[in-house]
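Summary of the model geometry
So the chains spell out like this:
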Amino acid sequence: SQREQVMAAADKFVGRVNTYGPDDVGSDKKTMPKYRERVGELLTPKFEKSFLGNVAFAEATVVQQGVGRTTSVHSTGVAGLDEDSATVLVVAELAISYPKSEGSEERVEAARQLARTEVELVKQNGKWLVDDWYPAEEAPTSESSEGVTP
């Protein structure tokens, strides 16, 4: 069903965008080409431009500090759905780790946090793609939200 498709697409996006680390750093020792590709294939062309414009920050934390992030999705719910657009809320646990010491393969977990994400999807050429995303607390409110009492 459409509902299952949008939930699967949002889950996949939240998992991929929040999972990266030293293994993703490319031969240039500056960027994470595999990460860019993994996430990029889930995005609309418009949003991919925005994502690529912002990815350097994540790449710098990995290259300079060896930061790693992993994600496990806990729950997904559809907040809005019509034939070519959807809003999906995803709750995921993010774990952030660092090398125990410089150059060490051993990792130390620095933090775990639950993150609520609102994912906006649109259907393009029969495929659900991510067109934007926000921490759920910062999502813009629209007047057309059905069933939401202020």
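Residues numbered from 1 in each chain as written. Predicted model: local features only at pLDDT ≥ 70, side-chain atom pairs only at ≥ 80, totals over all residues. Heavy atoms only, no water.

**A closer look at the confidence of the model for the protein**
Detailed reading of the predicted model is not advised wherever pLDDT is low. In the predicted model, the protein carries a mean pLDDT of 91, and the fraction of residues at 70 or more is 91%. Scored below 50 in pLDDT, residues 142-150 shows 0 contacts in the model against residues more than four places distant or in partner chains. (pLDDT = per-residue confidence, 0-100. Contact = heavy atoms within 4.5 Å.)

**Focus on unusual backbone geometry**
Even without a glycine there, the phi angle at Lys29 is positive, about 60°. Within the fold, Lys29 resides in the loop between α1 (2-17) and α2 (33-40). The phi dihedral of Asn125 is positive, around 50°, even though this residue is not glycine. In this fold, Asn125 is placed in the loop between β3 (107-124) and β4 (127-135). Judged by its relative accessible area of 85%, Asn125 falls in the exposed class. (Helix = DSSP H or I, 4+ residues; strand = E, 2+ residues; numbered from the N terminus. Buried < 20%, exposed > 50% of the residue type's maximum accessible area, 1.4 Å probe, protein only.)

**Description of the nonpolar core**
Membership of the largest hydrophobic core comes to 26 residues, with the highest contact counts inside it found for Phe13, Tyr35, Val119 and Leu121. Of all the elements in the fold, those that place two or more residues in this core are α1, α2, α3 (45-65), β2 (85-99), β3 and β4. Here this core takes 6 residues from α1, the largest share from any one element. Apart from the residues within four sequence positions on either side, Leu121 is in contact with Val6, Ala9, Ala10, Asp84, Ser85, Ala86, Val88, Trp128, Leu129, Val130 and Asp131. (Core = buried A, V, L, I, M, F, W, Y, C linked by side-chain atoms within 4.5 Å.)

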